[in-house]
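What the coordinates show
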Amino acid sequence: NAGVTQTPKFQVLKTGQSMTLQCAQDMNHEYMSWYRQDPGMGLRLIHYSVGAGITDQGEVPNGYNVSRSTTEDFPLRLLSAAPSQTSVYFCASGAAPYEQYFGPGTRLTVT
Amino acid sequence: KNQVEQSPQSLIILEGKNCTLQCNYTVSPFSNLRWYKQDTGRGPVSLTIMTFSENTKSNGRYTATLDADTKQSSLHITASQLSDSASYICVVSGAGKSTFGDGTTLTVKP
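Residue positions are given per chain, counting from 1 as you read along its sequence in written order. Written order decides the labels, with chains lettered from A and ligands numbered from 1. Under the rules for a predicted model, residues below a pLDDT of 70 receive no local features and side-chain atom pairs below 80 are neither given nor counted, while totals for whole chains, interfaces and linings still include all residues. With hydrogens and water excluded, all non-hydrogen atoms of the structure serve as input to the side-chain values.

Looking at the interface of chain B and chain A
Let me state the cut-off plainly: By the convention used here, residues are in contact when the closest approach between their heavy atoms is within 4.5 Å. Here the quantity called buried area is the accessible surface, traced with a 1.4 Å probe, that two parts lose on coming together, added over both. N or O atoms within 3.5 Å of each other form a polar contact, as long as, within protein, one can give a hydrogen and the other can take it, and as long as residues adjacent in sequence are counted only when both atoms are side-chain atoms. Secondary structure counts use DSSP, requiring at least four H or I residues in a row for a helix and at least two E residues in a row for a strand, with both numbered from the N terminus. Ten residue types, Ala, Val, Leu, Ile, Met, Phe, Trp, Tyr, Cys and Pro, are classed as nonpolar, four, Asp, Glu, Lys and Arg, as charged, and the remainder, Gly among them, as polar.
Between chain B and chain A, the contact holds 19 residues from the first and 12 residues from the second. Summing both partners gives a buried area of about 1200 Å² for chain B against chain A, and 52% of it is carried by carbon and sulfur. On the chain B side of the contact with chain A, Pro44, Phe100 and Asp102 of chain B bury the most area, a combined 39% of that side's loss. Run the count over chain B and chain A and you get 5 residue pairs in polar contact (both at pLDDT 80 or more). Broken down by secondary-structure element, the contributors of at least two residues to the side of chain B that touches chain A are β4 (32-38), β9 (86-94) and β10 (97-100) of chain B. Ranked by residue count, the leading element in the side of chain B that touches chain A is β4 of chain B, at 4 residues. Looking at the side of chain B that touches chain A residue by residue, the classes come out as 5 nonpolar, 10 polar and 4 charged.

This is the structure:
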């Protein structure tokens, strides 16, 4: 089991560029979510999914889109990157709403 | 507003010593409380999870306690090791939502 994998590990974007952060899990988990972690702050929920084809907004969804076409994959799209989106992004999955296995993170810098 | 407050913000101890981290919350309704360990540059890893009826849960040298009446939890680390240096995050969940604390950064020095 690879668990939760995220790519890329690091990314630098210019303001206005778009990109997709990839997240995949091989544990057949229904629940998947995306968080951002800023220095000195707790993890904040961006979007989550309770199963293939079902997604919903979290606490800080603006500027991000998600889709869940398969159980395994849950990509996060940045539509038009802004410096305020500089952060570390974590994907998590679980078999229950409160069970979360986190990926290793993607460190994103927007200049 | 649901809140989770952790203290202290940071802590430095010597290897072999014990320490206790605190978590106070105002989350309602309450479903469970989890402690995570996050090593630098890695994702959080679950240490313990406690529901309303549980007041103690251990995972090796880590022991979490929960007082649901006062809405307080603590994480006690026994005989600390250098590898315990990390951020410890308290997460409280209920009604389908999770509230994360800002974490306590623990540094264990030789």
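Some points on the state of the cysteines
Residues and elements named next belong to chain A. Heads up, the condition is: Two cysteine sulfurs form a disulfide in these notes if their separation is within 2.5 Å. Categorising residues by exposure relies on relative accessible area from a 1.4 Å probe, with only protein chains included: less than 20% of the type maximum marks a residue as buried, more than 50% marks it as exposed, and the intermediate range marks it as partly exposed.
Applying the stated criterion across every chain, the model contains 2 disulfides over all chains. Here Cys23 pairs with Cys91 through a disulfide, and the sulfurs are 1.8 Å apart. Sign of the S-S torsion, about -70° for the bond between Cys23 and Cys91, identifies this disulfide as left-handed. One end of the pair, Cys23, is in strand β3 (residues 19-25); the other, Cys91, is in strand β9 (residues 87-94), with 68 residues separating them in the sequence. Side by side, Cys23 and Cys91 carry an identical accessibility label, which is buried.

Some points on the sheet that holds β3 of chain A
Residue and element names in this part refer to chain A. Quick reminder of the rule: Two strands are said to pair when DSSP picks up at least two bridges between them. The angle between two axes is taken between their N-to-C directions and runs from 0 to 180 degrees, where each axis is a line fitted to C-alpha atoms and a helix contributes only its stretch in contact.
Strand order in the open sheet formed by 4 strands is β1-β3-β8-β7, with antiparallel pairing between adjacent strands. The sheet terminates laterally at β1 (4-7) and β7 (64-66), the two strands that pair on one side only. Taken pair by pair, the neighbouring strands of this sheet meet at an average axis angle of 20°, ignoring direction. Sheet topology places β1 next to β3; 4 bridges connect them, and they run antiparallel. The partner of Thr5 across the bridge, within β3, is Ala24.

Quick look at the sheet that holds strand β6 (residues 56-59) of chain B
All names here are of chain B. If you walk across this open sheet you meet the 5 strands as β1-β3-β8-β7-β6, and the pairing is antiparallel. The sheet is open, and its two edges are formed by β1 (4-7) and β6, each paired on a single side. Strand-to-strand twist in this sheet, taken as the mean axis angle between neighbours without regard to direction, amounts to 15°. As defined by bridge partners, strand β3 (residues 19-25) adjoins strand β8 (residues 72-77) across 6 bridges and the pair is classed as antiparallel. Each residue of the ladder has a partner; that of Leu21, found in β8, is Leu75.

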